[in-house]
Amino acid sequence: MAKMNRRAALRGVLGGAAVSVGVPFLDVFLDGNGAALAATGQRLPVRFGTWFWGCGITPSRFTPQMSGERYDLPADLAPIAVHRDKVSILSGFNVNLDGVPNTPHITGNLALRTGVPVPNENVAAATFDVLIADTIGAGTRFRSLEMSCLGAPHSYSYRTAGSPNPSEVSPVALYQRIFGEGFQDPNAASFTPDARTMVRQSVLSAVSDDRRALMHNLGVDDRQRMDEYFTSLRQLEQQLALQLEPPAPIENFQRPAMPGAAPLASEIDAVANTHRVMSGLLAAALACNQTRVFNMVFSDSASSLRRHGDTTSHHQLTHEELVNPELGYQEQSAFFATRSMEAWGVFIDALASVREGDGTLLDNCLVVAHSDCSLAKTHAVEGIPVLIAGRAGGRVRSGRHIEGNGDPITRIGLSVQQIMGVPIDQWGANSMQTGQTINELFV
């Protein structure tokens, strides 16, 4: 059979006028392995994301006793049982403080994401999701999408100090941003570029043309600032250019329905509902190539989750609740850790439910789930729990428990950046600097 281009269309004449009807993203567009576009050899896109929950784990209910493949599933990992072969558990990787004070719920989180042990949010380093977005995010409408499920704009994605990438907190707002004005249905029968987009693109081009004359008259610091500014303009131009091209048809894609209004609060059932809806919307956005990078915050680092009718937060419980002598852990605090892992299972389900090529959307993702500490009662940054889901389009060997044995947690950040194509051999600062990847993750 002759190879077909993914932009193939059915053409004809209706009422004297030429018409063109887009063809869905069919298997015939793919190679024999169902992993690449047959006409061009271009592989299906690989996406990267993070999924965050606050206040750590209950170690006896979370950490497997067996290493390697077919690891055991303690109680809190039961929700991922069906996906165990596509989820790896990384335990025993540490943040080395190097004499820097451990700022509770901040140091562990940002050290994992930036490779730098820092006392607060004033870290002058990009988080690894941003570095990965610089490599894979330019060809999509949104360079990245950030979401927070607690009704408040929590974000742990930074380009530089003090400027987190803003998050959407409402499923309705997230829907409107992705599928509202400006969204082009990939399977629509016709395509009409937005005239306002064309105007904005021409304006940006004019600004870009003036760059050389402006830069000639600036000092070193101002040139650096303007380089950052023009970099953002180039990114915007790329995104606008995409809106002037018809999107590629996507197999079985249906535009999601607008979600109904729901309470936005830190009460656990409300948060779980917001998260479930946002997970579905994100999966649809990834499926139709609106973005390739995302950050989902299920609960903030100093977890404000609470039960219905109770004003005591998860965070408060980790410090105030006594250890149940029969169980050997804080029972009420453990409830929220368990619910967090249940939500992680829901998130994986959302990605795994979308068929893509010969596998699923999850197969073409690499998702790093992590918390800010291991045992929240002591704010421990040793053994911060990390889970990696997906196979990154066949680049990752998944489904194993890997023990870090006290190695710096930057080995994880370096590994996922290399898997996603970032040209980097070393990552981290001071004693956290490493050139050693986690070989067990690589195919």
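My aim in this report is to walk through the structure given alongside it, one point at a time. (Residues numbered from 1 in each chain as written. Predicted model: local features only at pLDDT ≥ 70, side-chain atom pairs only at ≥ 80, totals over all residues. Heavy atoms only, no water.)

### Looking at unusual backbone geometry
Applied cut-off: Where helices and strands are cited, they refer to DSSP runs of H or I of at least four residues and of E of at least two residues respectively, numbered from the N terminus. For the exposure calls, accessible area comes from a 1.4 Å probe over protein chains only, and a residue counts as buried if that area is under 20% of its type's maximum, exposed if over 50%, partly exposed in between.
Of note, the phi angle at Arg70 is positive, near 55°, even though the residue is not glycine. Relative to the helices and strands, Arg70 resides in the loop between strand S4 (68-69) and strand S5 (87-91). Taking the relative accessible area as the measure of exposure, Arg70 reaches 58% and is therefore exposed.

### What about the nonpolar core?
Rules: Residues belong to one nonpolar core when they are buried, are Ala, Val, Leu, Ile, Met, Phe, Trp, Tyr or Cys, and are joined through side-chain atoms within 4.5 Å. Whether two residues touch is decided by their heavy atoms; if any such pair falls within 4.5 Å, the residues are in contact.
Grouped together as the largest cluster of nonpolar side chains are 53 residues, with contacts concentrated most on Trp51, Phe179 and Trp344. Broken down by element, the residue count for this core peaks at ten residues, all from helix H8 (residues 268-287). Sequence-distant contacts of Trp51, defined by excluding residues within four places in its chain, comprise His275, Met296, Phe298, Ser340, Met341, Ala343, Trp344, Phe347, Val367, Val368, Ala369 and His370. In this structure, Ile136, Ile384, Ile388 and Met432 belong to the second largest nonpolar core, which totals 33 residues.

### Re the sheet that holds strand S7 (residues 293-297)
The cut-off we apply is this: Note on pairing: DSSP must find at least two bridges between two strands before they are called paired.
Strand order in this open sheet of eight strands is S4-S12-S5-S11-S10-S3-S7-S6, and the pairing throughout is mixed. Only two strands of the sheet have a single partner each, and these edge strands are S4 and strand S6 (145-148). Summarising the sheet, strand S10 (residues 365-370) and strand S11 (residues 386-389) pair through four bridges and their orientation is antiparallel. When the sheet's bridge partners are listed, Ala369 is paired in S11 with Leu387.

### Considerations on the pairing of strand S3 (residues 47-52)
Counting buried residues along S3, six of its six residues qualify, which places the element largely inside the surrounding structure. Of the two faces of S3, the one lined by Arg47, Gly49 and Trp51 and the one lined by Phe48, Thr50 and Phe52 are each fully buried. Across six bridges, S3 lies against S10 in parallel orientation. Opposite Thr50, over in S10, you have Val368 as the bridge partner. Summarising the sheet, S3 and S7 pair through five bridges and their orientation is parallel. Directly across from Phe48, in S7, lies its bridge partner Val293.

### Section: the packing of H8 against helix H10 (residues 331-352)
As a reminder of what qualifies: Between N-to-C directions, angles span 0 to 180 degrees; the directions come from axes that are lines fitted to C-alpha atoms, helices contributing only their stretch in contact. Note that the term roughly parallel is reserved for angles under 35 degrees, roughly antiparallel for angles over 145, roughly perpendicular for angles of 65 to 115, and oblique for everything else. The hand of a helix crossing depends on one turn: near helix anticlockwise from the far one by less than a right angle means left-handed, and clockwise means right-handed.
Where H8 meets H10, the axes come as close as 9 Å, and the angle between the chain directions of the two elements is 20°. Relative to H10, the element H8 lies roughly parallel. Crossing geometry of H8 relative to H10 is assigned as right-handed. Contacts from Ile268, Asp269, Ala272, His275, Arg276, Ser279, Gly280, Leu282, Ala283 and Leu286 of H8 reach H10 at Phe335, Phe336, Arg339, Ala343, Val346, Phe347, Ala350 and Leu351.

The values are spatial; any link to function lies outside them.
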